[in-house]
Amino acid sequence: MKVRVNIILKPSVLDPQGQAVANSLIGQGFNNIKNVRQGKILDIEFNSNEVDMNMINEMCEGFLTNPLVEDYAIEEINM
Amino acid sequence: MKIGIVVFPGSNCDNDLFRAFEKQKLYKVIFLWHKDTDLPKDLDLCAIPGGFSFGDYLRTGAIASKSPIINSIIKFANSGRFVLGICNGFQILCETGLLPGILLRNTSTKFVCKNQILKVCNSNTSFSKLYNENEEVNFPIAHHDGNYFVNNETKKMIYDNNQIAFKYHKNNPNGSVDNIAGIYSQNHRILGLMPHPERRVSSEIGLDGERLFRSLNI
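The paragraphs below set out a description of the structure included in this document.

Definitions and cut-offs
- Residues numbered from 1 in each chain as written.
- Chains lettered and ligands numbered in written order.
- Predicted model: local features only at pLDDT ≥ 70, side-chain atom pairs only at ≥ 80, totals over all residues.
- Heavy atoms only, no water.
- Contact = heavy atoms within 4.5 Å.
- Buried area = accessible area lost by both parts, 1.4 Å probe.
- Salt bridge = Lys/Arg side-chain N within 4 Å of Asp/Glu carboxyl O.
- Nonpolar A, V, L, I, M, F, W, Y, C, P; charged D, E, K, R; others polar.
- Helix = DSSP H or I, 4+ residues; strand = E, 2+ residues; numbered from the N terminus.
- Buried < 20%, exposed > 50% of the residue type's maximum accessible area, 1.4 Å probe, protein only.
- Polar contact = N/O pair within 3.5 Å; in protein donor to acceptor, adjacent residues only side chain to side chain.
- Disulfide = S-S within 2.5 Å.
- Pairing = 2+ DSSP bridges.
- Axes fitted to C-alpha atoms, helices over the stretch in contact; angles between N-to-C directions.
- Core = buried A, V, L, I, M, F, W, Y, C linked by side-chain atoms within 4.5 Å.
- Expected span 1.5 Å × (residues − 1).
- Arc of directions from axis to C-beta.

1. Points about the interface of chain B and chain A
Working step 1: Contact with chain B, which involves 15 residues of that partner, is made by 15 residues of chain A.
Working step 2: Both faces considered, chain B and chain A share a buried interface measuring about 1,300 Å² in area, 69% of it formed by carbon and sulfur atoms.
Working step 3: Summed over the three residues of chain B that lose the most area to chain A, namely B:Leu58, B:Arg59 and B:Phe149, the buried surface amounts to 40% of that side.
Working step 4: For the pair chain B and chain A, the interface holds one salt bridge.
Working step 5: Close ionic contact of B:Arg59 with A:Glu70 constitutes a salt bridge, the shortest N to O distance being 3.8 Å.
Working step 6: Split into classes, the residues belonging to the side of chain B that touches chain A amount to six nonpolar, five polar and four charged.

Shown next as structure tokens:
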């Protein structure tokens, strides 16, 4: 089984990297840019075909994200 | 007093911190390895140095905060003993939950490396009692992720409990909430700060950091 964890800063947290990307895009002439938020993606492959979602949430909340400033979403990827 | 400096892969201020303590001729200083599972029984202070542990991968301090030695450090801290985290050490202490908040990317998005004036916000702790209240000190800063962030509820708590250790003075180099540069735990025995007092312990370049390393023995 393979899952994709999408991690993004919470809307209330300033994202200076996303802002820098947005400013650069606007500077390159892409004038229709309202906002950019930069996150990260982790693709995790498991040994077994069935994986307990609670365990994936535990990994995300205890290590892969800092719940103080980040939100995450899990999606299953078909191999 | 016995001081242990924890070394992670990517630590790079461990030797500076070792010398800053040793130079005072007050302490027995040893290095500890991040894979150690137990701390020496007679240890009085555990210090986590600056650097880029595990390449700052995932989040600064996140991977180090799950190292084998960390459970022992948490128990050590919870038994009321001293813990000091400087720069990456501060980031690691936040990730372990021993200190509230998190260090985010500087709002400038740039690595900042310069001398910085700080204000001593609490001169009544074991780390700060040789400084005067509101004294201005010059400690260098060198970081990419020093933007201290904490939610309003926790911020109120750290103010109510006098947990602010240092604030950036005259300018804010990284976007930190309320110019916060360093904080204490509730019992004021854990200190985390982004600036580097261990780089100000010689008469050639300045001695502002020295009292922090001397005060623990008094």
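2. What to know about the environment of B:Ala20
Residues and elements named next belong to chain B.
Working step 1: Tracing the backbone through its elements, the reader meets Ala20 in helix H1 (residues 14–22).
Working step 2: For Ala20, a relative accessible area of 0% corresponds to the buried category.
Working step 3: Sequence separation between Ala20 and Tyr159 is 139 residues, and the spatial gap between their C-alpha atoms is 30 Å.
Working step 4: For Ala20, the residues in contact, after removing those within four places along its chain, are Glu198, Val201 and Phe213.

3. Observations concerning the pattern of salt bridges
All names here are of chain B.
Working step 1: For the structure shown, the criterion picks out 11 salt bridges over all chains.
Working step 2: Between Glu135 and Arg211 there is a salt bridge, and its shortest N-O distance comes to 2.8 Å. On the criterion of sequence distance, the pair formed by Glu135 in the loop between strand S6 (112–120) and strand S7 (136–143) and Arg211 in helix H5 (residues 210–214) is long-range, its members being 76 residues apart.
Working step 3: Put simply, Asp160 and Lys156 hold a salt bridge, and the shortest N to O gap is 2.8 Å. Taken as a pair, Asp160 and Lys156 lie in helix H4 (residues 152–160) at a separation of four residues, close to a single helical turn.
Working step 4: With relative accessibility at 58%, the residue Asp160 sits in the exposed group.
Working step 5: On the basis of relative accessible area, Lys156 is assigned to the exposed category, the value being 55%.

4. Brief notes about the side chain of B:Gln163
Residue and element names in this part refer to chain B.
Working step 1: Along the chain, Gln163 turns up in the loop between H4 and strand S9 (164–168).
Working step 2: A distance of 3.1 Å separates a polar atom in the side chain of Gln163 from a polar atom in the side chain of Asn161.
Working step 3: Setting aside its immediate chain neighbours within four residues, Gln163 contacts Met157, Ile158, Gly182, Ile183, Tyr184, Ser185, Gln186 and His188.

5. Details of the state of the cysteines
When the sulfur atoms of two cysteines share a covalent bond, that bond is a disulfide.
Residue and element names in this part refer to chain B.
Working step 1: Under the defined criterion, the tally for this structure stands at zero disulfides over all chains.
Working step 2: In this structure Cys121 is not part of a disulfide, and its nearest cysteine sulfur, from Cys94, lies 16 Å away.
Working step 3: Relative accessible area serves as the criterion here: at 17%, Cys121 is assigned to the buried category.

6. Quick word on the sheet that holds strand S2 (residues 28–33) of chain B
All names here are of chain B.
Working step 1: The nine strands are arranged S2-S1-S3-S4-S11-S10-S9-S6-S7 in an open sheet whose pairing can be described as mixed. Looking along the sheet, the strands with just one partner apiece sit at the ends: S2 and S7. The sheet shows a mean angle of 20° between the axes of neighbouring strands, taken without regard to direction.
Working step 2: For strand S3 (residues 45–48) and strand S4 (residues 82–86), the ladder comprises four bridges, and the chain directions are parallel. Paired with Cys46 across the bridge in S4 is Val83.
Working step 3: Here helix H3 (residues 88–96) sits on the sheet in contact with S3, S4, strand S10 (180–184) and strand S11 (190–193), set at roughly 120° to S4.

7. Comments concerning the nonpolar core
Working step 1: Formed by 64 residues in total, the largest nonpolar core has its most connected members in B:Phe21, B:Leu45, B:Ile73, B:Leu84, B:Phe127, B:Tyr148 and B:Phe166.
Working step 2: Per-element tally for this core: the top contributor is helix H2 (residues 68–78) of chain B, with five residues.
Working step 3: In contact with B:Tyr148, other than residues within four places in its own chain, are B:Phe90, B:Cys94, B:Pro100, B:Gly101, B:Ile102, B:Leu103, B:Ile158, B:Ser176, B:Val177, B:Ile180 and B:Ile183.
Working step 4: If you look at the next biggest cluster of nonpolar residues, it comprises 10 residues, including A:Ile7, A:Phe46, A:Cys60 and A:Leu64.

8. As for helix H1 (residues 16–27) of chain A
Residues and elements named next belong to chain A.
Working step 1: In this model H1 runs 16 Å from its N-terminal to its C-terminal C-alpha over 12 residues, within 8% of the 16 Å that 1.5 Å per residue would give.
Working step 2: Taken residue by residue, H1 has Pro16, Gly18 and Ala22 as its buried positions. On an axial view of H1, the arc spanned by its buried residues comes to 155°, and they lie on one face.
Working step 3: Directly beyond the C-terminal end of H1, a positive phi value near 100° is found at Gly29.

9. Quick notes on the sheet that holds strand S1 (residues 2–9) of chain A
Residues and elements named next belong to chain A.
Working step 1: Across the sheet, which stays open at both edges, the three strands sit in the order S2-S1-S3 with antiparallel pairing between neighbours. Here the strands that pair on one side only, and so sit at the sheet edges, are strand S2 (39–45) and strand S3 (70–77). When the angles between neighbouring strand axes are averaged without regard to direction, this sheet yields 20°.
Working step 2: Sheet analysis places S1 next to S2, joined by seven bridges and oriented antiparallel. Each residue of the ladder has a partner; that of Lys2, found in S2, is Glu45.
Working step 3: Strands in contact with helix H2 (residues 53–64) are S1, S2 and S3; relative to S3, the strand with the most contacts, it is inclined by about 145°.

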